[in-house]
Amino acid sequence: MLQQVLDALEGNRTFRRKVEHIETLNARQAEYGEVKGLPLSIQKYLQDSRIQLYQHQVDATQLIREGENVLITTPTASGKTLAFNLPIMETLSQDEEATALYIYPAKALANDQLSVLKHLESSCGLDFKPNIYDGDTPKNIRPWIKENSRLILTNPYMLHLILGWHYQWSRFYRNLKYVVIDEAHHYRGVFGSNVAFLIRRLRRICNHYGSYPQFILSSATLANPEEFSRNLVGKTFQEVNHDTSPSGKKHFILYNPFAKWGDLSTHQETKNLFQLMVLNDLQTLCFTVSRKMAEIIAMWTKRELNETRPDMVNRITAYRSGYLAEERRKIEKGLKTGSLVGVTCTNALELGVDLGSLDGVIISGYPGTMISTWQQAGRAGRAENESLVVMVAFENALDQYLMKHPEFLFHKSHENAVIDLQNRRIVNGHLLCSIKELPLTVDDFERYFEADYDTLEEIRQMGLVQETGQGLTYVGRKDPAMEISLDQISSDHFRVFHNKHLMETMDRQHAYSEAHEGAVLINQGETYIVDQFNLKKRTINVKKMDVDYHTQALRNVEVTIEKELNNRKIGNFSVSFGEVKVTQDFYKYKEMLYGKTLATHELDLPPLKYHTRGLWFTVPGIVADALENIFTKKDAYAGSLHGAEHALISMFPLLVLCDRFDIGGLSTNYHPQTGKATIFIYDAYEGGIGLAEKAVEVMDKLVEVTRDMVKSCQCRKGCPTCIYSPKCGNDNKPLHKRGTIFLLESIMKMMEDENMDFATHLAIDHLEISSPPLKTSMVGAEGYHEFENPQNLTQKGESFYLNGNYQEALSCFQKALQMDENLLSAWKYQGMIEQLQDHQPEALKSLKRALQIDPDNPETIYYLAVSLYKTGNHKECRDLAEKLTRLRGDWDDAWCVLGMARQALGEGENAIHAYHKALEINPLNEEAGDNLKELLED
């Protein structure tokens with residue numbers, strides 16, 4: 001049966017031309033071992049269950065027995081769970097007070113594991129009363145669990161909320177011997193960084209009660225297991241990574257609908273393959289990208305089988321979250337018994353649920369990580385059974401790269417899981433939680449929290465803690481744990497409602513880009529239209545609507561370098577890393593269908609500004625000259641930079657575990673701070689989450705795979721498979737594919753430290769693809785010309801202003817105003833600089849002109865009020881400042897300048913009131929404090 005499918009894929013012309021690669025993974029014999037000295041009850045259980053231990057299970061057990069923290073990274077279905085359950089059961093049988101905590105990333109995994117543990121308990125004649133403690137646990141049995149259970153299964157969300165009630169769990173924490181963190185690779189990015197501090201809080205509470213538990217991590221294979229486990233827990237680990245379980249022969253096929261131009265979509269090709277496999281009686285699980293596609297592919301298949309094999313229609317079904325529990329159990333049973341031959345599903349069946357041994361798996365679209373790919377593939381051919389896996393590609397760059405470079409899938413892991421212990425917002429939130437849980441001493445701070453003392457000072461300045469003899473103590477009214485989301489950094493959340501029911505929450509960044517008014521929002525495979533976007537209340541209302549188009553928000557992006565933290569030299573190439581400020585202006589959105597723009601609509605949203613961390617590198621003039629000499633078309637240089645930025649971002653998740661929407665980028669022909677053409681890639685989160693920092697470490701590999709991806713694409717001018725981006729704020733313009741390849745190859749040559757003349761050597765390499773004649777060298781001419789427009793001149797001037805280069809900034813603003821007299825920012829900044837230079841009459845003139853353009857611009861009003869005060873126009877200053885406090889009553893500087901004007905006019909009591917308001921908002925406003933003191937002493 002399986003051979004018939006292989007023959008069809010290799011011999012049938014319909015399939016054969018789209019099979020990019022077949023990798024046959026040979027069968028592997030098991031290597032067995034023995035754990036000596038196990039309690040008789042556990043030995044009997046193993047004998048009765050006819051379980052022979054694999055050598056890696058024996059190795060893990062022995063390390064745990066020796067008191068080591070252990071990281072188990074063997075593949076799916078290799079027996080990781082038994083590897084840690086055995087030594088834990090042994091300890092619980094020998095010590096009647098001992099307890100253990102199992103942490104799972106999802107409730108479903110905990111539910112599945114509970115039945116395994118209960119079976120172990122009864123089979124071994126033990127009594128440790130395993131129980132799940134999460135949000136679904138009935139309140140009436142919670143006290144009993146706290147007092148009696150010796151093994152608790154929970155998830156990070158519940159643990160986060162109950163740590164503050166640790167005194168109710170004192171028995172459990174006092175006797176805690178083991179903490180198991182299963183599926184640990186899920187803890188990366190924002191979620192992982194939050195969980196890392198959650199685990200440190202847990203360790204601190206355990207130590208407070210006198211216990212020092214061992215930590216056991218179970219994870220998929222990673223490129224950085226040692227670094228990852230240390231960052232997650234704060235301890236060193238011994239890794240068990242040699243898989244000694246048996247494995248049947250597995251045929252892994254890479255199937256590319258875009259290998260030859262055809263008229264079938266990835267979803268239609270998936271349906272055809274699914275039908276081929278079930279018709280040959282291969283029990284098959286088909287993973288799809290959404291709940292909707294799981295339903296549609298099952299429906300298509302059943303419809304066609306009804307014409308040819310009606311007897312098989314009832315043996316096909318879809319499976320997804322949202323089904324009732326009894327429906328899901330029925331489908332799972334059908335797979336185990338064989339009554340079902342084909343099931344389409346989302347990643348809900350990727351792990352956790354025991355489905356028995358399947359013959360085949362279809363992965364419709366690269367799941368985004370190698371980890372998910374192998375977990376899905378691992379559903380087929382368990383034990384020694386031969387199996388078939390087919391991965392069907394989408395058109396995007398990542399899928400297409402893997403089709404052309406199968407070695408990336410089948411060799412060692414390249415994926416780095418990133419946990420960031422430096423994000424101030426995350427650190428501050430968990431420090432507050434920790435202080436509320438137990439008073440924090442300096443020793444505790446240094447031992448558990450890898451942060452600097454500036455962070456501690458920030459906590460003090462919040463006014464939520466106070467010094468006591470026991471350390472820092474929490475005095476705030478709200479429980480900080482209730483204010484922190486483990487999945488998000490920002491507390492600036494928007495709530496999405498459908499029919500008055502909360503559907504999801506998202507931070508402002510994602511709300512602007514994905515859920516603006518008129519946006520098509522996809523939630524669990526269903527489509528909704530945003531019909532109300534309330535900035536003030538931070539609420540988004542949607543209505544369900546089936547539409548075939550999608551929306552794309554366009555934005556202008558500015559990146560300002562605030563501080564360079566690191567610089568890595570790779571040969572002759574240099575990449576910087578540091579703190580950056582990102583400003584995004586979402587100005588319109590498009591309705592699109594298959595790449596065609598149906599309509600364009602304006603957006604009216606205030607600019608989004610956030611501080612994050614990113615990497616950047618510049619393009620040497622010699623490379624720019626060579627590129628411009630070869631590709632003479634207008635915008636070729638800008639298009640090359642833009643294409644390289646898109647391509648690097650598209651390949652980023654191949655090496656650093658993240659979604660491409662977790663990162664942002666910017667390319668520019670000229671950046672005022674570097675003085676050169678520059679490409680930025682930054683974390684799309686306030687404070688950064690370590691993604692760009694990890695990318696600096698793997699930059700050489702990132703450039704190599706990106707070059708290979710773009711070069712192997714068959715298109716001529718660029719397409720979604722190589723340099724187009726689904727989230728480009730500039731509508732994927734300009735882009736230049738050949739220039740992108742040239743630029744990436746130039747960077748690779750620099751990295752390889754080749755001492756050569758780029759202008760000649762590289763040009764000769766590419767002359768054959770260039771039809772126009774070489775032009776004379778012009779360093780950055782195209783870029784300079786592109787930058788010389790009012791908007792870019794204003795942005796350039798703002799960058800100079802922020803870096804203290806006021807004369808250069810003033811020159812930019814004056815040039816911009818010669819081109820367009822109605823530029824608010826240019827007039828405003830010009831006035832601010834004139835004010836700094838004490839040219840008050842000129843400052844008044846510029847700021848009043850800015851106010852004519854926008855009478856309610858708070859910054860303009862503030863600086864004009866200051867200039868009026870400095871020139872003695874106190875009454876006019878007071879009137880303007882009063883308007884400002886009505887517009888921005890949360891600005892301490894607004895109240896301060898109002899107080900100064902009132903004080904100058906002899907309105908003492910009113911001045912005192914204004915200074916008090918300023919100091920309520922910001923107790924550190926020295927000017928308000930000094931002026932108030934002077935008034936009160938008179």
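Since the model is a prediction, treat every value here as computed from it, not as a measurement.

Spatial strand order, S18-S17-S21-S20-S19: 5 strands in an open sheet with mixed pairing. Edge positions in the open sheet fall to strand S18 (501-507) and strand S19 (520-523), since each of these has one partner strand only. The average undirected angle you get between the axes of adjacent strands in this sheet is 35°. The pairing of strand S20 (residues 526-534) with strand S21 (residues 539-544) spans 6 bridges and is classified as antiparallel. Pairing of Asn 534 across the sheet is with Thr 539, part of S21.

Here we come to the packing of aromatic side chains. What the rule picks out here adds up to 24 aromatic pairs. For the ring pair Phe 172 and Tyr 173, a centre distance of 6.2 Å and an interplane angle of 75° mean the geometry is edge-to-face. Considered together, Phe 172 and Tyr 173 belong to a single accessibility category, that of buried residues. Each ring, one from Phe 197 and one from Phe 449, has its centre 6.2 Å from the other, and the planes form 10°; the classification is stacked. With Phe 197 in helix H10 (residues 189-208) and Phe 449 in the loop between helix H19 (442-448) and helix H20 (453-461), the pair connects residues that are 252 residues apart, well separated along the chain. With a relative accessible area of 1%, Phe 197 lands in the buried category. A cation over an aromatic ring shows up here: Arg 142 above the ring of Tyr 133, its NZ or CZ 5.4 Å from the ring centre. Note that Arg 200 overlies the ring of Phe 197, its terminal NZ or CZ placed 6.0 Å from the centroid.

The geometry of helix H18 (residues 424-437) relative to H20 is characterised by a closest axis approach of 10 Å and an angle of 60° between their N-to-C directions. The handedness of the crossing between H18 and H20 is right-handed. In contact with Arg 424, Val 427, Asn 428, Leu 431, Leu 432 and Ile 435 of H18, H20 contributes Asp 454, Thr 455, Glu 458 and Ile 459. When grouped by side-chain class, the residues that make up the contact of H18 with H20 number 5 nonpolar, 2 polar and 3 charged.

Counting 150 residues, the largest nonpolar core has Tyr 173, Ile 181, Leu 232 and Met 699 as its most contacted members. When residues of this core are assigned to their parent elements, the largest contribution, 11 residues, is made by helix H24 (residues 636-655). If near-sequence neighbours (up to four positions away) are discounted, Met 699 is found in contact with Arg 568, Ile 570, Phe 573, Val 575, Leu 615, Phe 617 and Met 751.

Right, let's talk about the sheet that holds strand S2 (residues 70-72) for a bit. Pairing is parallel in the open sheet, where 7 strands are placed in the order S4-S5-S3-S6-S7-S2-S8. Strands at the two margins of the open sheet, each flanked by one partner only, are strand S4 (130-132) and strand S8 (238-240). Across the sheet, the mean angle from the axis of one strand to that of its neighbour is 15°, orientation sign disregarded. Direction of pairing for S2 relative to strand S7 (residues 214-218): parallel, over a ladder of 3 bridges.

Between its terminal C-alpha atoms H10 stretches 29 Å, which fits the 28 Å expected from 20 residues at 1.5 Å a residue. For H10, the buried fraction is high: 19 of the 20 residues fall into the buried class. Note on H10: the residue one or two positions beyond its end, Gly 210, has a positive phi of about 90°.

Here is what the cut-offs are and how they apply
- Every chain is numbered independently, its residues counted from 1 as its sequence is written.
- This being a predicted model, a pLDDT of at least 70 is required before a residue's local features are given, and a value of 80 or more before pairs of side-chain atoms are given or counted; all residues contribute to the totals for chains, interfaces and linings.
- Side-chain calculation: all heavy atoms of the structure are included, whereas hydrogens and water are not.
- By the convention used here, strands pair only if DSSP detects at least 2 bridges between them.
- Only DSSP runs of H or I covering at least 4 residues are called helices, and only runs of E covering at least 2 are called strands; the numbering of each starts at the N terminus.
- Every angle, taken between N-to-C directions, lies between 0 and 180 degrees, and every axis is a line fitted to C-alpha atoms, over only the stretch in contact when it is a helix.
- Centre distance within 6.5 Å is the pairing criterion for rings of Phe, Tyr and Trp, where only the six-membered ring of Trp is used; planes under 30 degrees apart are then read as stacked, over 60 as edge-to-face, and the remainder as tilted.
- Relative accessible area decides the class of each residue, using a 1.4 Å probe on protein chains only: under 20% of the type maximum gives buried, over 50% gives exposed, and in between gives partly exposed.
- Only when the NZ atom of a Lys or the CZ atom of an Arg is both within 6 Å of the ring centre and within 35 degrees of the ring normal do we say a charge sits over the ring.
- Take the far helix as your reference; a near helix turned counterclockwise from it by less than a right angle gives a left-handed crossing, and one turned clockwise gives a right-handed crossing.
- The contact criterion used throughout is that any non-hydrogen atoms of two residues lie within 4.5 Å.
- Charged means Asp, Glu, Lys or Arg here, nonpolar means Ala, Val, Leu, Ile, Met, Phe, Trp, Tyr, Cys or Pro, and polar covers whatever is left, Gly included.
- Definition of nonpolar core: a set of buried residues of the types Ala, Val, Leu, Ile, Met, Phe, Trp, Tyr and Cys, connected through side-chain atoms within 4.5 Å.
- One fewer than the residue count of a helix, multiplied by 1.5 Å, yields its expected span.

Read these as geometric descriptors, not functional statements.
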